[in-house]
Amino acid sequence: MSSTITALFDSRADAEAAKDRLKSARVDADHIHIHDKSSAGYKETGYSTHEDRGFWDSIKNAFVPDEDRHTYEEGVRRGGALLTADVDDDRVDEAVRVLEEANSIDIDDRSSQWRSSGWDYPGAGAAAGATGAALGSFDRRETAGRTAEQEEVIPIVEEQLVVGKRDVSRGGVRVRSYVTETPVHEQIRLRNERVNVERRAVDQPLSAADSDAFRERTIDMTATGEEAVVGKTARVVEEVVVSKTAEEHVAEVDDTVRRTDVEVDRDTDVETRGSTFRDTDKRI
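I will try to describe carefully the structure that is included in this document. Just so it is clear, the model here is predicted, and its values are computed rather than measured.

What counts and what doesn't
Residues numbered from 1 in each chain as written. Predicted model: local features only at pLDDT ≥ 70, side-chain atom pairs only at ≥ 80, totals over all residues. Heavy atoms only, no water. Helix = DSSP H or I, 4+ residues; strand = E, 2+ residues; numbered from the N terminus. Polar contact = N/O pair within 3.5 Å; in protein donor to acceptor, adjacent residues only side chain to side chain. Buried < 20%, exposed > 50% of the residue type's maximum accessible area, 1.4 Å probe, protein only. Arc of directions from axis to C-beta. Core = buried A, V, L, I, M, F, W, Y, C linked by side-chain atoms within 4.5 Å.

**Focus: the side chain of Thr-6**
In this structure, Thr-6 sits in strand 1 (residues 2-9). Polar side-chain contacts of Thr-6 include one of 2.9 Å to the side chain of Tyr-72.

What follows is the structure in structure tokens.
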């Protein structure tokens, strides 16, 4: 057996992404449909009825109460997109989880927001006055040989604890390099030469060695000196290494989840029977 699940999204792109996620999760979902303003049967004004079902006519197994149907239609009218899919009963929970993680709209919360901003569900009065035959024309899954009867449904709600994780800042370090100048004083000994010219008076006979005394000559003598030359060399004398390490640990999370339990008090003269109806619609 299969059930039809419905989910409303703010845009068709979100609905298409949810459809892809259903397929990626290998959920055995057939007849996945996305309905928006471009779908056949869409109405810009008014809401679907049991005679004129609008785009619901293409969703054969979606048996949704009037108020929910009209809320979905209002969501589509406001630019949203409705996704429906037939899913095997044993895979419904997994399909619902996938759609919840795909940013589907909480239809009850969204309808409350619309009501608080002035939206009035126009089909409430009509739904209250609908006859049993009219309602039966929409939900045709009845057990053969069973007479019409009045029923009230108490939903069994169970919370599931979803534990995730996020990145938080644990502090950090900033390392900045900059240049400083330090005065340096050094001493060095320098040598300078000086040329001296001195004339001395001499009174002595000319010797044989001075036979060329009357030859013209030129003497060149150059004085040299030393000056300080400053040069610089750069050397790496130290390194600053900035790095980080990661470690993992197991965090214990304690919380509570709620579940709706039902206590049945039976009168002794009331016949009790097992339900012959199946839940044919799973709504997100």
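**A look at helix 3 (residues 92-100)**
When we look at burial in helix 3, the residues that qualify are Val-92, Ala-95, Val-96, Val-98 and Leu-99. Taken end-on, helix 3 shows its buried residues confined to a sector of 160 degrees, consistent with a single buried face. The outward face of helix 3, more than 90 degrees from its buried face, is lined by the exposed residues Asp-93 and Glu-100.

**Details of the nonpolar core**
Ranked by size, the top nonpolar core spans 18 residues in total, and within it Ile-5, Phe-9, Leu-22, Leu-83 and Leu-99 carry the most contacts. Broken down by secondary-structure element, the contributors of at least two residues to this core are strand 1, helix 1 (12-24), strand 2 (29-35), strand 3 (81-88) and helix 3. Ranked by residue count, the leading element in this core is helix 3, at 5 residues. Membership of the second largest hydrophobic core comes to 10 residues, among which are Tyr-42, Val-76, Leu-82 and Ile-105.

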